[in-house]
Amino acid sequence: MSNAVYMVTGGSGFIGSHLVEKLLANGNEVYVFDTTTLDKAQNLATVKNHPGFHYCEGDIRDKASLKNFWRPEARAIFHLASVVGIKNYIADPLKLIDICVVGTKNLLEIAREHGTRILFSSTSEIFGKNPEVPWDEKCDRVLGPTSVDRWSYSTSKAVCEHMLYGIHRQCGLPFSIVRFFNVYGPRQNPYFVVSQSVYKVLRNEQPLLYDDGKMTRCFTYVEDIVEGVIEAGTNPKAVGEDFNLGNCVEVTMEEVVRTILKEANSGVGYKVFDTVKEYGERYEDIPRRVPKVEKADKLLGWKAKIQLAEGVRRSLEWARNNPWWLKDA
Ligand SMILES: NC(=O)c1ccc[n+]([C@@H]2O[C@H](COP(=O)([O-])OP(=O)(O)OC[C@H]3O[C@@H](n4cnc5c(N)ncnc54)[C@H](O)[C@@H]3O)[C@@H](O)[C@H]2O)c1
């Protein structure tokens, strides 16, 4: 795993930047491809001057620039580039579908030419609102109607997963799929429940609690996720396999917000966000989202280790030491 060349799409994003840091720390050479210009890629500030770090600004929908970027000698490509966040799918589902499906198809075609191993970052949203939690890797996908924009993300990622299985069967291209369950930690955009609450509480503002706060999630600290991603992207046992990567501890949204208020020693309380009023019919929430992770444990020896209170403490500490992140969004 060290002294190798790796490529990372979406490497200036939240998870991607942590992955890049870790790959470099392990002694590898890393080539990043992302639409963000390097001078704006604040998440990569800690690695910009590392001798093993290389950066290419580009869009995965542009096959020519992806081709120019490609390193045929790379041991694998970690494909993380995507539109992320419900607000963004609702604002522009076409852009999401275009980047996810067209971009990934471009990437797969180039990978096939060179026989490059691919790690595809998928999502727990794949399983939609299947009420039979916990979900293992092969459980059914239960989605709502196409008039509800939130399902465009699940559907786009599922199309990519189908392409990966198809191309693997056709020509043996080595791939692995990882499905993340609510990742959080330092540097995440402040639009998700943990990052938004950390951001607001440290600005002495009230975090938002969606509706009655009874929905549950399993929050997974980014350091755990990065370990799982590297293992799934490099371990020979992971080839042709899909993995749920998530923490198994289920908590309500209200508990999460309360944990953050407590760990920050803040008395600001929270504000209820009425999703029907704000998003209307184009939004639908998922009551429970819980992974089964035995497969990752058995094949890769991976398990989430960092629990919510500890992850929140680390996120708060990081945010306090990085005032740029706390500036007006
Ligand atoms: N954060 C989570 O909880 C979570 C959960 C499930 C799945 N995922 C998946 O993990 C991956 C990383 O997510 P993240 O949370 O780090 O998101 P992020 O938004 O922080 O990072 C995504 C990166 O992709 C880049 N990008 C977007 N469109 C691009 C394009 N057309 N070409 C090249 N680069 C492009 C963005 O500039 C950004 O740097 C995504 O594929 C996402 O779908 C994340």
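Residues numbered from 1 in each chain as written. Predicted model: local features only at pLDDT ≥ 70, side-chain atom pairs only at ≥ 80, totals over all residues. Heavy atoms only, no water.

Draft legend 1. Geometry of unusual backbone geometry. Put simply, Val133 and Pro134 share a cis peptide bond, and its omega is 0°. In this fold, Pro134 is placed in the loop between strand E5 (118-123) and helix H5 (151-171). Of note, Asn204 is a non-glycine position whose phi angle comes to about 60°, a positive value. Here Asn204 is to be found in the loop between helix H6 (193-202) and strand E8 (208-210). The class for Asn204 is exposed, based on a relative accessible area of 61%. If you check the backbone angles, Asp211 has positive phi at about 50° while not being a glycine. Take Asp211: it is sitting in the loop between E8 and strand E9 (216-217). (Helix = DSSP H or I, 4+ residues; strand = E, 2+ residues; numbered from the N terminus. Buried < 20%, exposed > 50% of the residue type's maximum accessible area, 1.4 Å probe, protein only.)

Draft legend 2. Up close: the sheet that holds strand E1 (residues 5-9). The parallel open sheet is built from seven strands, whose spatial order is E3-E2-E1-E4-E5-E6-E11. On the outer flanks of this sheet lie strand E3 (53-57) and strand E11 (241-245), each paired with one strand and no other. Going across the sheet, the axis of each strand differs from the next one's by a mean of 20°, ignoring polarity. Looking at chain direction, E5 and strand E6 (residues 175-180) are connected through six bridges and run parallel. The residue bridging Ser122 from the neighbouring strand is Arg179, located in E6. Contacts between helix H4 (residues 93-114) and the sheet are confined to E1, strand E4 (76-79) and E5, with E5 contributing the most and set at about 160° to the helix. Seen against the sheet, H5 touches E5, E6 and E11 and runs at an angle of roughly 150° to E5. (Pairing = 2+ DSSP bridges. Axes fitted to C-alpha atoms, helices over the stretch in contact; angles between N-to-C directions. Contact = heavy atoms within 4.5 Å.)

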